[in-house]
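# A structural walkthrough
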Amino acid sequence: MIVGIHQPNYLPWLGFFYKMSRCDVFVLLDDVDINLGGASAITHRTKTMGSNGPVQLSIPLKRDSGPAIREVKIALDGKWNSKHRQTLDGGYAKAQHYASIRPFLHASLESPPETLSALNVALIEGLKNILQIRTRTVLSSELGIPAGSPSDRLSRLCRAVGGDVYLSGNGARSYNEPSVFESHGVRLQYSAFQHPTYEQGRHAFTPGLSVVDAIAWTGAQTASSFLASAAE
């Protein structure tokens, strides 16, 4: 059984859902500390197409909450979610298939829940259904696996859901410890995702945007086909 594990990011990119689609179980890692700085801080950020090119959308957070992702609360100032909806509407106004996903995005962002994790998980589950991904998702906080080295904990999470193969992102090659996975009876594999190209209106193609971008420009069916074909 193949298992993938990833933090529940905000409106993730295609590669996130590619990895999910290749797994039998996908664990959303909601009980680790949130990363708030640098380019890798994407649990509360995403990139989409704006009216004049790619833009970053950030969810404001209550700084006295957390540090675990599932504990982090959204700063409900009544403005950010409206701004995000307006940015998405403006950036994809001429995208042929945006109308098919707009109601879901607006409903999700109109009255967001108190915690970042609850919002992100709801968005991920909705997008998963739109892309017709049947992978079972589990929250790491429900599995009761204690802290340890990254490789040890990931191995234990795999075993906790019955997995014997861990599908890792390529960015983890520098710190994954194959011997630790082997000691737990887990085989280590890496994602073979290759980002597809598609028309993004009048803009030059920009990879790595939220999966919303692919759905808006190409439609859910084509975006889903990307997940099946975007391998080496």
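My aim in this report is to walk through the structure given alongside it, one point at a time. (Residues numbered from 1 in each chain as written. Predicted model: local features only at pLDDT ≥ 70, side-chain atom pairs only at ≥ 80, totals over all residues. Heavy atoms only, no water.)

In an α-helix, one turn spans 3.6 residues, which is why side chains three or four residues apart end up on the same side. All buried positions along helix 8 (residues 220-229) are accounted for by Ala223, Phe226 and Leu227. Down the axis of helix 8, the sector holding all buried residues measures 100 degrees, keeping them to one side. Exposed side chains of helix 8 directed beyond 90 degrees from the buried face belong to Gln221, Ala228 and Ser229. Against the buried residues of helix 8 lie helix 1 (14-21) and helix 7 (211-218). (Buried < 20%, exposed > 50% of the residue type's maximum accessible area, 1.4 Å probe, protein only. Helix = DSSP H or I, 4+ residues; strand = E, 2+ residues; numbered from the N terminus. Arc of directions from axis to C-beta. Contact = heavy atoms within 4.5 Å.)

Each strand in a sheet pairs with its neighbour through backbone hydrogen bonds, running either in the same direction (parallel) or in the opposite one (antiparallel). One open sheet accounts for five strands, arranged 5-2-1-6-7; its pairing is parallel. For this open sheet the edge positions go to strand 5 (136-139) and strand 7 (187-190), each flanked by a neighbour on one side alone. Pairwise comparison of adjacent strand axes, ignoring direction, gives a mean angle of 30 degrees for this sheet. Against the sheet, helix 1 makes contact with strand 1 (2-6), strand 2 (25-28), strand 5 and strand 6 (165-168), and its axis sits at roughly 135 degrees relative to strand 2, the strand it touches most. The sheet contacts of helix 5 (residues 150-160) involve strand 1 and strand 6, and relative to strand 1 the element is tilted by about 130 degrees. (Pairing = 2+ DSSP bridges. Axes fitted to C-alpha atoms, helices over the stretch in contact; angles between N-to-C directions.)

With that settled, the discussion passes to the packing of aromatic side chains. Counting across every chain of the model gives nine aromatic pairs. Ring centres of phenylalanine 16 and phenylalanine 17 lie 5.2 Å apart, and the angle between their planes is 65 degrees; on these two criteria the pair is classed as edge-to-face. Accessibility expressed as a relative area gives 0% for phenylalanine 17, which makes it buried. Residues phenylalanine 16 and phenylalanine 26 carry aromatic rings whose centres are separated by 5.3 Å and whose planes lie at 70 degrees to one another, so their mutual orientation is edge-to-face. On the criterion of sequence distance, the pair formed by phenylalanine 16 in helix 1 and phenylalanine 26 in strand 2 is long-range, its members being 10 residues apart. No difference in accessibility class separates phenylalanine 16 from phenylalanine 26, as the two residues are buried. (Phe/Tyr/Trp six-rings, centres within 6.5 Å; stacked < 30°, edge-to-face > 60°.)

Put simply, helix 1 and helix 8 touch, their axes get as near as 9 Å, and they point 65 degrees apart. Judged by the twist between their axes, the crossing of helix 1 over helix 8 is right-handed. Contact residues: helix 1 offers Leu14, Phe17, Tyr18 and Ser21, while helix 8 offers Ala223, Phe226 and Leu227. Along the lines of polarity and charge, the residues of the contact of helix 1 with helix 8 split into six nonpolar, one polar and no charged. (Left-handed = near helix turned anticlockwise from the far one by under 90°. Nonpolar A, V, L, I, M, F, W, Y, C, P; charged D, E, K, R; others polar.)

Purely spatial values, then, with no claim about function.
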